[in-house]
Amino acid sequence: MKFCDGNWLVPENLELWHPIHVHRVEIRGNELLIHAASRDARNRADQLNMLLFTVRVFSPAPGVAGIRIEHFQGGRDDGPAFELVADPATAPTITNDATEARLTTGGLTVRIDKEGPWRLDILRDGRRLTGSGFKAGGYAVERDSRIPHLFERLDLGVGDQVYGLGERFTAFVKNGQSIDIWNRDGGTSTEQAYKNIPFFLTNRGWGVFVNHPGKVSFEIGSERVSKVQFSVPGECLEYYVIDGPHPKQVLDRYTRLTGRPGLPAPWSFGLWLTTSFTTAYDEATVNRFVDGMRERDIPLHVFHFDCFWMRGLHWCDFEWDPEAFPDPEGMLARLKAKGLKICVWINPYIAQQSSLFRDGVDHGYFLKRPDGSVWQWDLWQAGQAIVDFTNPAARLWYAGHLQRLLAMGVDCFKTDFGERIPTDVVYFDGADPVRMHNYYAYLYNKVVFDVLEQARGAGQAVLFARSATVGSQKLPVHWGGDCYSDFESMAESLRGGLSLGLAGFGFWSHDIGGFENTSEAIVYKRWCAFGLLSSHSRLHGSKSYRVPWLFDEEAVDVLRFFTKLKCRLMPYLFATACAAARTGVPMMRAMFLEFPDDPGCEPLDRQYMLGDSLLVAPVFSADGTVLVYLPPGRWTHLLSGAPVNGGGWRREQHDVMSLPLYARPGSLIAWGCQDDRPDYDYAEGATFTLYELDDGGQAVAAIFDPKGDEVVTLTVTRQDQLLTISVLPSARPWTLLLRNVGPVAATAGAVSAVATAEGALLHGTGSAQVTRGH
C-alpha cells in the first residue's frame, strides 16, 4: 500500500499524520516508552487536537530490537497471534538523557533523537544500519472507509538488497517490488504466493520481522526507492529488527524467536512417487509403478496417493474409493512389505457430498457466516465447507479421521490447500477473520503434524504442505505448489524455494518434471537432477504420470543415478538437516547466505549451496549449456573429480548424467555406504572425503543418528604438508579419501594408506598424521 503520491503529495483518498516531536521518554523496566506527537507540542496550546504515538522499544533476545507503534490503545485483540519465544534472560542496556534515548541489545542499538524532528536510528556497534526519519512512518486513514493504517519506512543504503518474504516466484532480489503478505492459490508463475512470511533479510546482515498475522503490505524500494516500507491495517504496528551481522546469524535469531525448523525423519529424504492428480489409478496401477521402479533398480521410498484415493466430489471423507481400492488395508500392507512409506492427500475442506458434512454442520465444526449459517462455496469441491480449527472439538474430530488412516498403515499426509480462506466468516473462538486468513495454514498443518507425532513418535511426523505462515517451519516439509512443466517453471520453482529458505524454512521440495502439462523428456531429465539435489524429492504431475520410462529409457538412467547419489550423500545431507533444525539455516541456501562478502553472489538465483559444502547449478537448457559462478578458491567437481579454479563465471556443457555440482574448497564430506535407501546407519562404512584443504586450514564433518545426535566427528587440519586427523569418539575407526590433496609420503599412528584412482584412501583408528608428497 502506498502512502504518498510521488515525492510531494498525499493520495487524495488518505488523511496522513506522522510522529514529529518527542514529547516524553520513560524507562519502564527493560523497555523504552516514547510518546511522540504529530506536531511540536512543547507549548500547552499545541497539545490539543493532535495525535499521540506511543512507541515501545524492547528486546526479546540479544541482538533483536522490538519496536511497537500504537495510536489508539483501546481496541480489542481477538487474535490470533504468532507463537513467539522470548529469552527471559535478556537484559538490554537503556539510557535516557537530555538529547537522546538508547536501548542496546547485543551489538544492536535503537537510538531516539529527543532534540530535533522525529528520528529513530538502528546502529550496529555504533554504526548506523538503517532507521526511520522525519515523516517516514506514520498513521493514515482512508477517507471513505475510515480504515486506519500504521506504516513505517526504514532506510536502504546504496547497494542494500532485500530478500525473503516467503516463497516468492518473482525476482529473487525484492527491491522494486510491492508485496502483500496474503496467502493465495496462484501457482508458481505469478506474483501470488502460497507461503507469505512478513520477514525479510538484507545482504547487509540485518532483517525485519513484522509481527502481524494478517495482511502486511511491503513497498521495497518501490514507493520510495531508498526505503523499505511496511504497513498494517489497524491501530498498532509491531516489528523486530534482527541483527547478524552474518546473514546466517539473522536466521538463527529469527528462528529462535519464531521456532526452529522441525527435523524430518531420514526416510523422508528418499524418492517419492505419486499417482499424479487426475490420472486414472487403482491398486494395479500403483503396483505397476512400484514394481517398475524396482525392476529398473530405481530406489523408491515413499508412495503417495493423490486426491482420487477418495471418490470425486467427496473430498474429504477420508474413505478409500471402494471401486479403485476395495481392500485398502491389505493394499497398504502389501506396499509396506516392499519397504515403502505411504502418504495420502488431504485438505481442510469438507464437500457437501462427503459423509462427514452433516456431522460437521450439526456439531458446529465449520466456519460460519455472520448469520450463523455454514460458509460454503463451489470452488474446488461442490458445496464445500471449511473446518474451523479454532474449535477444539473440530480439531479432535478431524484428527480422529486421520488416526483411522494411520491405523491402516498410512505414514504421512500431503496437507494441500489452506490458502483460500474467506474473511466474511465467524470463528468458534471469536478470532479476527482477516488476521486468521494467513494464520489458518498454521492451525491446519499443526493439527495434522500433532496427530502424526502422537502416533508415530517424535521425529517421525512428516507433512507435504503447501500453505504456510510464520511458525510453519516447525512443521516440515513444504513443497512449491503447482508449476508448469518447462525450464522456466523449473527456474521459478528454485527461486521460490530459495526465498522460502531465507524466511526460516529449512526443508523444501517441488514437483519433479513439473505439475501442469507433460514436460519434454529433456526437461524431465534435468529436473530429476535438480530434484534429487533438493532437500526432498517427489515425482508428481497433474494429468499425466511421472514414472521415467514414459519419457524415455535415458530418463530411467538419469533418475536411477541421481537417486542413488542422494542415498550415498545422506550422511552429509542429514548432518545438514540437523544443522537446519539447530540454527534455522536452510539446507538449500542462496549463494549470498554462504558468501556474504562476495558481491557476485548477491543476485544469484539459478544456483545454490546444498549445505556448507556442495554447490549445485541445475541445467535449464536443452543443449546442456549452463552458466555457473564459482567464488574464489579451488573447487572440485563432485562427479568427475576435476579441480576448477573459482573467482568468476564459467560456461559449461553437461550431458544429462551431470551438472555443475562442486565441492567447496576445504570441505570434508561424509559419504555413506548404501545407495538403495536414505535411512541407514550413516556411520557404518562411511567414507570421509577431503577436498582441497589449504595450508593452515581445518575441515570438520560429523555424522548424526536419526534423532539428530552426533555419533562421530572427524577433524582434519593441515600445516604445510602435514595432515593431522582426529576423531570423536577417540577410538573410532575411520576411512578418509584425500581428493586432489596429493599422494601420501609418510604416516604416523594407527593408519594405512592405499593409492586409488580417486586419491589416497586412508584407514585409521583414533588420531593419526599423514605427510603429503609432492
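Here is a short report on the structure shown in this document.

Here's the deal with the overall build of the protein chain
Okay, step 1: What the protein chain contains, in helices and strands, is eleven helices and 45 strands.
Okay, step 2: For 774 residues, the compact-globule formula gives about 28 Å, and the C-alpha radius of gyration of the protein chain, at 28 Å, lands near that figure.
Okay, step 3: Relative to its 774 residues, the protein chain shows a buried fraction of 62%.
Okay, step 4: Within the structure as shown, the protein chain displays about 27,800 Å² of accessible surface, and the carbon and sulfur contribution to it stands at 49%.
Okay, step 5: Between the averaged position of the 75 positive side-chain charges in the protein chain and that of its 91 negative side-chain charges there is a distance of 3 Å.

As for the nonpolar core
Okay, step 1: Core analysis: the largest hydrophobic core is formed by 207 residues, its most contacted members being F305, W309, W320, Y398, F413, L690 and L736.
Okay, step 2: For this core, the element with the most residues is helix α6 (residues 433-456), which contributes eleven residues.
Okay, step 3: Dropping the residues within four chain positions of it, L690 is found in contact with S667, L668, A699, V716, L723, L736, L737, L738, R739 and V741.
Okay, step 4: Listed in part, the 44 residues of the second largest apolar core include V22, A36, L120 and I220.

Digging into the packing of helix α9 (residues 553-568) against helix α10 (residues 570-583)
Okay, step 1: Two numbers describe how α9 lies on α10: the axes approach to 5 Å, and their chain directions differ by 65°. Counted together, K566, C567 and R568 of α9 and M570, P571 and L573 of α10 form the full contact between these two elements.
Okay, step 2: Here the contact of α9 with α10 is composed, by residue class, of four nonpolar, no polar and two charged.

Examining unusual backbone geometry
Okay, step 1: With an omega of 5°, the peptide bond between G79 and P80 qualifies as cis.
Okay, step 2: Topologically, P80 is positioned in the loop between β5 (64-70) and β6 (93-96).
Okay, step 3: In this structure, C316 follows W315 across a cis peptide bond, with omega equal to 0°.
Okay, step 4: Take C316: it is sitting in the loop between β21 (302-305) and α3 (328-337).
Okay, step 5: The phi angle at N740 is positive, at roughly 60°, despite the residue not being glycine.
Okay, step 6: Its place among the elements puts N740 in the loop between β43 (733-739) and β44 (744-756).
Okay, step 7: Assessed through its relative accessible area of 29%, N740 is described here as partly exposed.

Describing the pairing of strand β12 (residues 148-155)
Okay, step 1: The element β12 is extensively covered by neighbouring structure, given that eight of its eight residues are classed as buried.
Okay, step 2: Where burial is concerned, the two faces of β12 agree: the one with P148, L150, E152 and L154 and the one with H149, F151, R153 and D155 are both buried.
Okay, step 3: The pairing of β12 with strand β18 (residues 227-233) spans seven bridges and is classified as antiparallel. Along β18, the bridge assignment pairs D155 with K227.

Topic: the pattern of salt bridges
Okay, step 1: On inspection of all chains with the given rule, the structure shows 53 salt bridges.
Okay, step 2: With a closest N to O distance of 2.5 Å, D40 and R42 form a salt bridge.
Okay, step 3: For R42, a relative accessible area of 58% translates into the label exposed.
Okay, step 4: For D121, the salt bridge goes to R128, with nearest N and O atoms at 2.7 Å.
Okay, step 5: Salt bridges here are not isolated pairs; linked through shared partners, they connect R111, R119, D121, R128, D155 and K227.

Re α10
Okay, step 1: With 14 residues, α10 should cover 20 Å at 1.5 Å per step; its first-to-last C-alpha distance of 19 Å lies within 8% of that length.
Okay, step 2: Burial runs high along α10: eleven of the 14 residues are buried.
Okay, step 3: Against the buried residues of α10 lie α9, β30 (588-589), β31 (608-610), β32 (614-616), β38 (667-671) and β40 (698-704).
Okay, step 4: Positive phi shows up at G584, right after α10, with a value of about 85°.

Some remarks on the sheet that holds strand β8 (residues 108-113)
Okay, step 1: Read across the open sheet, the five strands follow the order β6-β7-β8-β9-β10; overall the sheet is antiparallel. Looking at which strands have only one partner, the edges of the open sheet turn out to be β6 and β10 (127-132). On average, each strand axis in the sheet is tilted by 15° relative to the strand beside it, whichever way the strands run.
Okay, step 2: By the bridge criterion, five bridges tie strand β9 (residues 120-124) to β10 in an arrangement that is antiparallel. Of the residues in β10, the one forming a bridge with D121 is G131.

Some details on empty space enclosed by the protein
Okay, step 1: Within this structure, the stated rule accounts for three cavities of 30 Å³ or more.
Okay, step 2: What the largest cavity holds in volume is close to 80 Å³.
Okay, step 3: Along its surface, the largest cavity is lined by 13 residues, and P19, I69, W118, G137 and E152 are the ones closest to its centre.
Okay, step 4: Listing elements by their share of the lining of the largest cavity, those giving two or more residues are β4 (52-61), β5 and β12.
Okay, step 5: Tallying contributions element by element places β12 first for the lining of the largest cavity, with three residues.
Okay, step 6: Of the residues belonging to the lining of the largest cavity, the class tally is nine nonpolar, three polar and one charged.

Section: the sheet that holds strand β22 (residues 341-346)
Okay, step 1: With parallel pairing, six strands are arranged side by side in an open sheet as β25-β22-β21-β20-β29-β28. Edge positions in the sheet fall to β25 (412-415) and β28 (511-512), since each has one partner strand and no second.
Okay, step 2: Of the strand pairs in this sheet, β21 and β22 are connected by four bridges, and their pairing is parallel. If you follow F303 over to β22, its bridge partner there is I342.

Cut-offs applied
Residues numbered from 1 in each chain as written. Predicted model: local features only at pLDDT ≥ 70, side-chain atom pairs only at ≥ 80, totals over all residues. Heavy atoms only, no water. Helix = DSSP H or I, 4+ residues; strand = E, 2+ residues; numbered from the N terminus. Rg over C-alpha atoms; globule rule 2.2 N^0.38 Å. Buried < 20%, exposed > 50% of the residue type's maximum accessible area, 1.4 Å probe, protein only. Areas by Shrake-Rupley, 256 points an atom, 1.4 Å probe, with all protein chains shown as cover. Lys, Arg positive; Asp, Glu negative; His and termini not counted. Charge placed at Lys NZ, Arg CZ, Asp CG, Glu CD. Core = buried A, V, L, I, M, F, W, Y, C linked by side-chain atoms within 4.5 Å. Contact = heavy atoms within 4.5 Å. Axes fitted to C-alpha atoms, helices over the stretch in contact; angles between N-to-C directions. Nonpolar A, V, L, I, M, F, W, Y, C, P; charged D, E, K, R; others polar. Pairing = 2+ DSSP bridges. Salt bridge = Lys/Arg side-chain N within 4 Å of Asp/Glu carboxyl O. Expected span 1.5 Å × (residues − 1). 1 Å grid on protein atoms, 1.4 Å probe; cavity = no way out; pocket = protein on both sides within 12 Å on 5 of 7 lines; lining within 4 Å. Points joined across faces, edges and corners; volume = space filled by probe spheres on them.

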